[in-house]
Every structure is written in C-alpha cells, then in structure tokens.
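This is what each chain is made of:
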Amino acid sequence: MATGAMNPAQALSDAIPRPYWLDDPARPEALPALVGDEHCDLLVVGGGYCGLWTALTAKERDPARDVVLIEGQESGWAASGRNGGFCAASLTHGWANGHARWPAELTALEELGRRNLDGFEAALVRHGIDCDFERTGEIDVATAAHQVHELAEAAGQAESLGIGGHEFLDRDAVRAEVDSPTFLAGLWNRTGVAMLHPAKLAWGLKRACLRAGVRIYEHTPGTELSARRAGVAVRTPYGRVFARHAALATNAFPSLVKRLRAYIAPVYDYALMTEPLTERQLDSLGWRRRQGLSDSANYFHYFRLTADNRVLWGGYDIVYRYGGGVRAEYDHHPATYQRLAGHFFRCFPQLEGVRFSHTWGGAIDTCSRFSAFFGTVHGGRVAYALGFTGLGVGATRFGADVMLDLLGGERTERTELEMVRSRPLPFPPEPVRSMGIGITQWAMTRADANGGRRNLWLRTLDRVGLGFDS
C-alpha cells in the first residue's frame, strides 16, 4: 500500500457505484417492450455485442431479411457496457491458449482473428460509430521474476510460430513506455489489440441496426424457446416471436437451451475508474502511446487510459457464487474495490492523491476452454455462441458470422474449424462445481506465490482441458 495522507479507502469515498461507461448523458432512450406477437425471418435473443453484430451482419448479408432483436433490459447494459474496452484480434483468448488446444489450425485462427479486427474497424467507419477506437496494442507486463522468463519465452515462441507483431521489452524498455516500479519486463502486442469505449460501441451498433431495419424490443426477456414446424417460437412476458431461425446471444445469462447451461460458469469481475489525470500526473507515467496493459499473474490486473485520460483499473479477484447465479446484488463487492485500490497505488505510487470516480462489476461467461464455442439445436434452426470468457469485444463479431453461417447451412472456413465444431468440457454440477473452483483458485494463488509453478491439481486440469479463468 502506498504511504501518504490518503489510504485506498479514502480514495474510494466519493466513487459512484455504477459503470463509468454507462454514466453518460449520451445514453440512448430505451426502446419499447414487445406486446403481442411478432413474426420474422431471424430472431436474435440478446442485445449485447454478439446479438447486435448478428442482427447487423444479417441485414448486411441480406437487406431483405426480416430481423427482430429482443433484449431483457437495454442494449449494452451488461458485459457489453461494463468491460474494460480491450478489443483483441485473438479468437482463442490469446495465441498460447489457441496453440495448446488447436495447434494444427493456429495459423488459420490467427489470420481469421486479424481479419476480424480489420473488419471490425472497417465496420465502425462504414456505420459512423464513434467509440474512441484506438489501435494502440497491449503490453503484458511482468511483475515477478519468473514472469520475465515466461514473457521472453513467449516472444520467442510467437516468432517461431510466425505470429508477428510481438516485441519483448526489458525493464528499461517497458518503463520507458509506462513507468511503474513494479514492472520488470513486458511483451507488447503492437497491432493486435485496440482500446475503445464499450458502451459507445454498443449504442453505435444499436443505431446501425435500427437504420438497417432491425426491429429491436428492449425490456423484453425471452422466457421460453420451443420448436415449431416452420421454425421456432420464443415467449416473452407480454407476447411471442415466431421466427424461421433464432440466434442466441445471452452469454453469462441462463441459456434458453437448458443443456447448454452446464458449459458456463458466471464469474464476477470488478473495476475502478479514476478521475481525469492532470498533465503532470500523465507525465509522471509516460504512457504516451496509450497501450492497454495487463500483468502476467494468474490473478491479473488490466488497465488502460480513457479518451479523457482517466485510468481504468480492474481484475484480480475472480468471484464465483454458489449455483452460478447472475444477480444485480453481485455487481458490487466493496472488499474487492479496496483491494484493487491498494494494488493501484502500489503499481503507480506517483499517483498518490488521485481519487476514484466510479466502481462497478459484472458477470463474465466463463467456459472451460476460455474461448467461445458454437453450435445449433432444433434441427439447425437455432444457433448459439457462448463462453467468450472476458475476451469478447472483438470475438463476438466473429461469433455473429459463425452463427449466421451455421443457420444458413454454409460450409465456410469458419464452420470447418475444429474450434467451431468442438465444445469445451462442461463444468460439474453443484456442489462439486463450487468445490472445484475453490480448489482451483487456491492453487492459482499458490502458483503466483511460488514462481509460477503449477501444482498437481492445475497440471491435471491442463491435461484434461478443464480450466477456470476470467
């Protein structure tokens, strides 16, 4: 903890307990709920990034397609409006995870990821979406001696696999980019990550969908899905939607397909936002190239600058509640806020005296392979994309393309991927799930404290492909 007149709790004393991104006068008005029956070609369930991209892309592919989107609250109110705004090219939660799981198609996955991020950026221009998009890259930083070796090894492995754009930074080099006494080295992914304003992205996609002719109903949760001879029907509180096809983009929330629920463990992640930094404070950090950063521990932090020069500081705690519920009362965790504030001032002691303006949290749709999985049910009439595990800002656009390919019965380079054709291992039922997650969290903490050495429990999970992350 930093020394001085202000302790972390005092720095939090004026913070507003709501997501900074959503605390914006530009937030659009909610659209009316569905009342009565609707009919359409394609129904999209979920108004986060994945659902919005699916609806918009469907209209771009076929402007005559009749598309309806329903959202339980307001578009972008959940993970899509609360995340850190790191938009990564990776479709596999980092190339190392991709190499461990799908080594034979890693080259294709990396290329598809780069094309997806390029297409993402082009779509923002095409639709006039201003979401503070900055393709500044991301630096993974080492804050412990063993992590220096791991980052250097990762840089060499990336080069040997032909994955370009990664640069190893020694202590002096990383501190020349962003100055913290805790930084020992870094690995800079120069072009594969962009920073953006999460809520402005969601609101921009919503406006683009409306302009394209998508009918959006908010405060309209889907409560039941059933097959019909000519398609599917989804019941809502005040009506029904009959559609030829449906795309489910509910992520951390319970799927309308009950058998998919075992594949998702909703975990809660929390973040702080500072007040805007002064020019002197910015100069004390360096950070002129505005990269996103994260540290390399199992319990990691992620942090970045906003357009108005605040610092978002999040991560570390991974909070799972027994039963895997997603509830509003879980969105705040004062003990985590205080812990994060202490870590912030340890990382940046030169910012002693800075106060936090906002605190918030939300659920992440964690799956056991850390990256999305896909499929269809009801004879191919319903598609789903789930399990982005905290790295979905960019990958949800790819997920939208996959769902539309599957619903169209198309054989594409996406649908031929083993990643798309396979599923992760499901999480076990309670109470085994909570016990297993608890043991894994303990083991991850031990690994961070013991030079990164993974004990028998973690090594066994690695071998069977069952993981837990946020």
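Up top is the structure.
Residues numbered from 1 in each chain as written. Predicted model: local features only at pLDDT ≥ 70, side-chain atom pairs only at ≥ 80, totals over all residues. Heavy atoms only, no water.

## Topic: the pairing of strand S17 (residues 373-377)
- Buried residues dominate S17, accounting for four of its five residues.
- Two strands pair when backbone bridges link them, and S17 and strand S18 (residues 382-386) are joined in this way by five bridges, in the antiparallel orientation. In the sheet register, Gly 375 faces S18, and the bridge partner there is Tyr 384.
- Between S17 and the antiparallel strand that follows it, S18, lie four residues; His 378 among them carries a positive phi value of about 55°. (Buried < 20%, exposed > 50% of the residue type's maximum accessible area, 1.4 Å probe, protein only. Helix = DSSP H or I, 4+ residues; strand = E, 2+ residues; numbered from the N terminus. Pairing = 2+ DSSP bridges.)

## Quick look at the packing of aromatic side chains
- Applying the stated criterion to the full structure yields 24 aromatic pairs.
- Both rings, one in Phe 303 and one in Phe 348, keep their centres 6.0 Å apart while their planes meet at 80°; by these two values the pair is edge-to-face. Of this pair, Phe 303 sits in strand S14 (residues 301-305) while Phe 348 sits in the loop between helix H10 (334-347) and strand S16 (356-366), and the two are 45 residues apart along the sequence.
- Among the residues examined, Phe 303 registers a relative accessible area of 1% and is labelled buried.
- An aromatic cluster of three or more residues is present, and its members are Phe 183, Trp 287, Phe 303, Trp 313, Phe 344, Phe 345, Phe 348 and Phe 356.
- Sitting over the ring of Phe 370, Arg 101 keeps its end group 5.3 Å from the ring centre.
- It is Arg 190 that lies over the ring of Trp 188; its NZ or CZ is 3.8 Å from the centre. (Phe/Tyr/Trp six-rings, centres within 6.5 Å; stacked < 30°, edge-to-face > 60°. Lys NZ or Arg CZ within 6 Å of the ring centre and 35° of its normal.)

## A word on helix H6 (residues 145-160)
- For H6, built from 16 residues, the straight-helix expectation of 22 Å at 1.5 Å per residue is met to within 8% by its first-to-last C-alpha distance of 24 Å.
- Backbone geometry just after H6 places Gly 162 at a positive phi near 80°. (Expected span 1.5 Å × (residues − 1).)

## Considering the sheet that holds strand S15 (residues 311-315)
- The strand order S5-S6-S4-S13-S14-S15-S12-S16 describes an open sheet built from eight strands, whose pairing is mixed. Of all strands in the sheet, those with a lone pairing partner are strand S5 (166-169) and S16, marking the two edges. Taken over all neighbouring pairs, the strand axes of this sheet differ in orientation by 20° on average, direction set aside.
- Across three bridges, strand S12 (residues 265-274) lies against S15 in antiparallel orientation. Each bridged residue has a counterpart across the sheet, and for Ala 271 the counterpart in S15 is Gly 314. (Axes fitted to C-alpha atoms, helices over the stretch in contact; angles between N-to-C directions.)

## A closer look at the nonpolar core
- Judged by nonpolar contacts, the single largest core of 50 residues is most densely connected at Leu 42, Trp 53, Phe 120, Leu 201, Leu 205 and Phe 374.
- For this core, the elements supplying multiple residues, two or more each, are strand S1 (36-45), helix H2 (49-61), strand S2 (67-70), helix H5 (106-126), helix H8 (198-212), S18, helix H11 (395-407) and helix H12 (418-421).
- With sequence-adjacent residues up to four places away left out, Trp 53 is seen in contact with Phe 120, Ala 123, Leu 205, Thr 396, Arg 397 and Ala 400. (Core = buried A, V, L, I, M, F, W, Y, C linked by side-chain atoms within 4.5 Å. Contact = heavy atoms within 4.5 Å.)

## Quick look at the pattern of salt bridges
- Throughout the structure, instances matching the rule amount to 27 salt bridges.
- Between Asp 41 and Arg 244 there is a salt bridge; the shortest N-O distance is 4.0 Å. Placement of Asp 41 in strand S1 and of Arg 244 in strand S11 (residues 239-248) is noted, with a sequence separation of 203 residues between them.
- Its relative accessible area of 24% is what places Asp 41 among the partly exposed residues.
- The network of salt bridges with shared partners includes Arg 61, Asp 401, Asp 405, Glu 410 and Arg 414. (Salt bridge = Lys/Arg side-chain N within 4 Å of Asp/Glu carboxyl O.)

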